[in-house]
Amino acid sequence: MKLPFAEPFKIKMVEKIYRSTLQERERWIRDASFNLFNLRSEEVYIDLLTDSGTGAMSDKQWGAIMTGDESYAGASSYYNLKDAIWDITGFQYFLPAHQGRAAENVLFSVLVKEGDIVPGNSHFDTTKGHIEFRKAKAVDCTIDVARDPSAIHPFKGNVDLEKLENVLKNNPSGKIPFIIVTVTNNTSGGQPVSMSNIRGVSELARRYGIKLIIDGARFAENAYFIKTREKGFSNMQISEITREMFSYADGMTMSSKKDAIVNMGGFIAFREEKLFRQASTFNIIFEGFITYGGMSGRDMNALAQGLYEGTEFTYLESRIKQVEYLGNRLKESGIPIIEPFGGHAIFIDAKSFLNSIPREEFPAQTLAVELYTEGGVRGVEVGALMADRDPVTRENRYPDLEMVRLAIPRRVYTYNHMDYTAAVVKNVFERRNSITRGMRIKREALILRHFTVELERIMK
Ligand code: F0G
């Protein structure tokens, strides 16, 4: 018999979590104005709000913390991180930053001007935010199949090369500072981008004289999918695949809180010295001197170690198979979920799940609240609330997909936790016909409203 895979680690330290009662959760969520971001973490049993910064560091990472060098300039921790980035991405130059959006802020301060256009594949919120903040426009060129929740495609995060070429053809190249490819593609369901697609984008970028930047928050999970799904890569090491992925790009932004398995951190990496030098000025203004940029030495050490651990095949296999396990448990129960399963999360199709709730009543938020009250599982709405209002008309925007994301933190939960989560979703699914009304907004912010919005249940 072929032996099954199992986690390539054992647990050395545990953290207690509290399994609350239904009555407690009903009270807490009401007090939180039906916004899951307002809950205290002790009020959550299984926290699947995000996989960002919520992973468990290893003994080696904690060990590396103890040998961090806190020198203001030239710390050995900086050089450890520089070596790890070189080994895994092949980029020679880099700047530390305190998280992914800070990396975007620094890089885009050099590259993005008012009136510019930045094409890409479903830019992440903060990426789009940093583009729009500079009065430029993010143009989504993701393949159309990504909009169909049940369409099977091995690389559903791919860029549609025809759409991209149209953007490049129809705009002066001076207006397009770069193309950004997000791997894996969080916004459209944690879907990967194939190597041949990255290569295709880079050929277009070169032909039109435009830079290619990779948003690498989940680059290692993307490499796992390339290894296991794309022809010609099955015998390659993950680090060989990651180096090839990045070889097509001019630079990258990184939120290290995801695939590098640290609780806080980020960086920007560059191929050319010129761009690195231009960005250094902004890094010093916004983040800190170029050899620490918003990170302490100990955290850079843990990040360097995390980059190596996060690109081990056995780790990635156990990580992605755990997400897949939850997906399969939900699928068996007939729960509508986005397929193929994403690398870091399972996305529930809330429009089909609660199909009698109109979109104006926020079905995905309603479902996220139900999952919490049912069993203390906290997911996140990725739908109309998150999409904000149109800045001009102030009308609600309704994206194609109305989803609840269950993001799995790295090396944190067990298979029993996945079974428990699946049972919670199934219980809500069984009583879905009794959930006929959704939520109404009581108070909201002008942008990024989902973080602070206050809601109430609509009673019949
Ligand atoms: N890019 C992608 C693809 C992301 O998913 C995120 C964050 C960022 C950039 C920004 O990085 O949080 O370190 O500033 N995603 C988190 C999430 C917040 O929950 O998916 P950050």
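The coordinates are above.
Residues numbered from 1 in each chain as written. Predicted model: local features only at pLDDT ≥ 70, side-chain atom pairs only at ≥ 80, totals over all residues. Heavy atoms only, no water.

Trainee: Is there a simple way to think about the overall build of the protein in this case?
Mentor: A tally of helices and strands in the protein yields 15 helices and 14 strands. Against the globule reference of 23 Å for 460 residues, the protein gives a C-alpha radius of gyration of 22 Å, in line with a compact fold. With the principal axes as the frame, the protein shows a C-alpha extent of 60 × 55 × 45 Å. Residues classed as buried in the protein amount to 57% of the 460 residues present. Taking contacts inside the protein between residues at least 6 apart in sequence as the whole, the part at least 24 apart equals 72%. Carbon and sulfur atoms make up 51% of the accessible area of the protein, which totals about 19800 Å². Of the side-chain charges in the protein, 60 are positive and 59 negative, and the distance between the mean point of each set is 1 Å. (Helix = DSSP H or I, 4+ residues; strand = E, 2+ residues; numbered from the N terminus. Rg over C-alpha atoms; globule rule 2.2 N^0.38 Å. Buried < 20%, exposed > 50% of the residue type's maximum accessible area, 1.4 Å probe, protein only. Contact = heavy atoms within 4.5 Å. Areas by Shrake-Rupley, 256 points an atom, 1.4 Å probe, with all protein chains shown as cover. Lys, Arg positive; Asp, Glu negative; His and termini not counted. Charge placed at Lys NZ, Arg CZ, Asp CG, Glu CD.)

Trainee: How do you make sense of the site of the ligand when you look at a structure like this?
Mentor: Neighbouring the ligand are 17 residues, the closest being T50, R101, D215, S255 and K258. Contact between the ligand and R218: an oxygen atom at 2.9 Å from a side-chain N or O atom of the residue. R405 has a polar side-chain atom sitting 2.8 Å from an oxygen atom of the ligand. Calculation on the ligand without its partners gives an accessible area of 470 Å², and the protein chains cover 93% of this total. The element that contributes the greatest number of residues to the shell around the ligand is helix α4 (residues 100–111), accounting for 3 residues. (Near = heavy atom within 4 Å. Polar contact = N/O pair within 3.5 Å; in protein donor to acceptor, adjacent residues only side chain to side chain.)

Trainee: What is the right way to read the pattern of salt bridges from this model?
Mentor: Close approach of charged atoms allows side chains of opposite charge to pair. Tallied over the full model, the rule gives 30 salt bridges. Of the charged contacts, one joins E42 and R40 as a salt bridge, the two residues approaching to 3.3 Å between their closest N and O atoms. The class for E42 is partly exposed, based on a relative accessible area of 45%. Taking relative accessible area as the criterion, R40 reaches 54% and is therefore assigned exposed. Residue R410 is joined to E221 by a salt bridge in which the shortest nitrogen-to-oxygen separation is 3.0 Å. Of this pair, R410 sits in the loop between β12 (403–407) and α15 (415–430) while E221 sits in helix α8 (residues 219–229), placing them 189 residues apart in sequence. By relative accessible area, which is 1% here, R410 ends up buried. Assessed through its relative accessible area of 0%, E221 is described here as buried. (Salt bridge = Lys/Arg side-chain N within 4 Å of Asp/Glu carboxyl O.)

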